[in-house]
Amino acid sequence: MSSSGYGVVAGAELTEAVRRAGADHVEPTIAGNLAIRPGGDDGGWARNDVYAGARFASFAILVPGDLPLLTATPAAVRDYFDAVLPIVRSVADPGAKIVFGSGTARTAPDGMPRTEAHRRFAEVLRTARDTAAANDLRIVLEPLSRSETNVLHSFAEAVRFLDDAAIDGVDVVADLFHIRNEGESLDVLRDHGDRVGHVHVSDRGRLPLGAEGGDDVWRDFLTAVHDGGYRGSVSLECNWSRDTPAAEAEIRRSLDLLRRAHDALV
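The present account deals with the structure reproduced in this document. Since the structure is predicted, the reported quantities are computational estimates derived from the model, not experimental observations. (Residues numbered from 1 in each chain as written. Predicted model: local features only at pLDDT ≥ 70, side-chain atom pairs only at ≥ 80, totals over all residues. Heavy atoms only, no water.)

## What about the overall build of the chain?
Here is step 1 of the chain: A count of helices and strands for the chain gives nine helices and ten strands.
Here is step 2 of the chain: With the principal axes as the frame, the chain shows a C-alpha extent of 50 × 40 × 30 Å.
Here is step 3 of the chain: Out of the 266 residues belonging to the chain, those deemed buried represent 55%.
Here is step 4 of the chain: Considering only residue pairs separated by 6 or more positions, the chain has 75% of its internal contacts joining residues 24 or more positions apart.
Here is step 5 of the chain: With an accessible surface of roughly 11,300 Å², the chain has 47% of that area assigned to carbon and sulfur atoms.
Here is step 6 of the chain: Across the chain, the 29 positively charged side chains and the 41 negatively charged ones have centroids separated by 2 Å. (Helix = DSSP H or I, 4+ residues; strand = E, 2+ residues; numbered from the N terminus. Buried < 20%, exposed > 50% of the residue type's maximum accessible area, 1.4 Å probe, protein only. Contact = heavy atoms within 4.5 Å. Areas by Shrake-Rupley, 256 points an atom, 1.4 Å probe, with all protein chains shown as cover. Lys, Arg positive; Asp, Glu negative; His and termini not counted. Charge placed at Lys NZ, Arg CZ, Asp CG, Glu CD.)

Here's what the structure looks like:
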């Protein structure tokens, strides 16, 4: 399935554990982790020193929750991307992917009509796409559960949104956690396989793969992604134990299960 390997979404505190566990790549979070505010919330953005000299193929959590993308001025939105995406570029592989989920930041305020929310988010997404491209990065749009945002919930809805707004150059993230929460059929990944730009996988409720209380739906999900033709990178996005040695063991087991599932598909 994955020509770019298997990784783990992680903050700085788990980066070394992810590497020791044998991941092919780490997927750092951006807002408040890779990009930090040394002077506090009112200061500018700077790169977290722990990432100096590193290189990554994908990133998550692009926008902080305190930047209301749909009501902020276009200049404020542009300023954020102009400040943060060069920081990402400084530690990114050429063409690295940035997952644009950021549910709190993109949530429409009460009373904003859906059509207006979509119009404004389309403007934001174009700005993010163009600024990313200028930094040799790629934006991939992540549909999010209704519990996280009121804008774009399903994979199919995200595809329609991009087509209706004529936004090219942006693919869609297939995240099993959100697909489950929205009750979306896995067939959408076969029907729109050419639109899958990145994959996030976890067991039930963002458990590590194979955890007690989990199930085998993640295997069916990977099969559907493979059937749709996707052959790019896959990242685990799970809630790991707070104890680092325990988290490392969970990551190692999840990666092993992921690779074995891949071997069964090829």
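Alright, that's what it looks like, and here's the rest.
## Overview of the layout of surface pockets
Here is step 1 of the chain: Estimates place the volume of the largest pocket at around 510 Å³.
Here is step 2 of the chain: As for the largest pocket, its lining consists of 28 residues, of which Val9, Thr29, Ile61, Glu237 and Asn239 are closest to the centre.
Here is step 3 of the chain: Those elements giving two or more residues to the lining of the largest pocket turn out to be strand 1 (6–10) and helix 9 (244–265).
Here is step 4 of the chain: Residues that form the lining of the largest pocket fall into these classes: eleven nonpolar, ten polar and seven charged.
Here is step 5 of the chain: Reported here for the second largest pocket is a volume of approximately 190 Å³. (1 Å grid on protein atoms, 1.4 Å probe; cavity = no way out; pocket = protein on both sides within 12 Å on 5 of 7 lines; lining within 4 Å. Points joined across faces, edges and corners; volume = space filled by probe spheres on them. Nonpolar A, V, L, I, M, F, W, Y, C, P; charged D, E, K, R; others polar.)

## Looking at empty space enclosed by the protein
Here is step 1 of the chain: Inspection of the entire model under this criterion finds one cavity of 30 Å³ or more.
Here is step 2 of the chain: Put simply, the largest cavity is a space of about 30 Å³.
Here is step 3 of the chain: Around the largest cavity sit Pro143, Phe155, Val173, Ala174, Asp175, His178 and Ile179, which together line it.
Here is step 4 of the chain: Contributing elements (two or more residues each) for the lining of the largest cavity: strand 8 (171–175) and helix 6 (176–181).

## Points about the nonpolar core
Here is step 1 of the chain: Counting residues in hydrophobic clusters, the biggest one holds 87 residues, and the most contacted among them are Phe59, Phe81, Phe100, Leu189, Val201 and Phe221.
Here is step 2 of the chain: In this structure Val201 touches Leu176, Leu209, Trp218, Phe221, Leu222, Val234, Ser235, Leu236, Glu237, Cys238 and Leu258, once residues within four positions along its chain are discounted.
Here is step 3 of the chain: Ranked by size, the runner-up nonpolar core spans five residues in total, among them Val9, Ala60, Val99 and Val173. (Core = buried A, V, L, I, M, F, W, Y, C linked by side-chain atoms within 4.5 Å.)

## What to know about the environment of Arg47
Here is step 1 of the chain: Among the secondary structure elements, Arg47 is positioned in strand 4 (residues 46–47).
Here is step 2 of the chain: Sequence separation between Arg47 and Val91 is 44 residues, and the spatial gap between their C-alpha atoms is 9.3 Å.
Here is step 3 of the chain: Arg47 has contacts with Leu34, Ile36, Ala52, Ile87, Ser90 and Val91, leaving out every residue within four places of it along the chain.
Here is step 4 of the chain: Here Ser90 takes part through its side chain, which lies 3.1 Å from a polar atom of the side chain of Arg47. (Polar contact = N/O pair within 3.5 Å; in protein donor to acceptor, adjacent residues only side chain to side chain.)

## As for the pattern of salt bridges
Here is step 1 of the chain: Taken as a whole and assessed by the stated rule, the structure comprises 21 salt bridges.
Here is step 2 of the chain: Among the ionic pairs, Glu157 bridges to Arg114, the shortest N-O distance being 3.4 Å. Of this pair, Glu157 sits in helix 5 (residues 155–164) while Arg114 sits in helix 4 (residues 114–134), and the two are 43 residues apart along the sequence.
Here is step 3 of the chain: Under the relative-accessibility criterion, Glu157 is labelled buried at 12%. (Salt bridge = Lys/Arg side-chain N within 4 Å of Asp/Glu carboxyl O.)

## Digging into helix 5
Because each turn of an α-helix spans 3.6 residues, side chains separated by three or four positions end up pointing in the same direction.
Here is step 1 of the chain: With seven of its ten residues buried, helix 5 lies for the most part within the structure.
Here is step 2 of the chain: Here helix 5 has its buried residues at Phe155, Ala156, Glu157, Ala158, Val159, Phe161 and Leu162.
Here is step 3 of the chain: Buried residues belonging to helix 5 abut helix 4, strand 7 (137–141), strand 8, helix 7 (187–191) and strand 9 (196–201).
Here is step 4 of the chain: Of the residues one or two after helix 5, Ala166 is the one with positive phi, at around 55 degrees.

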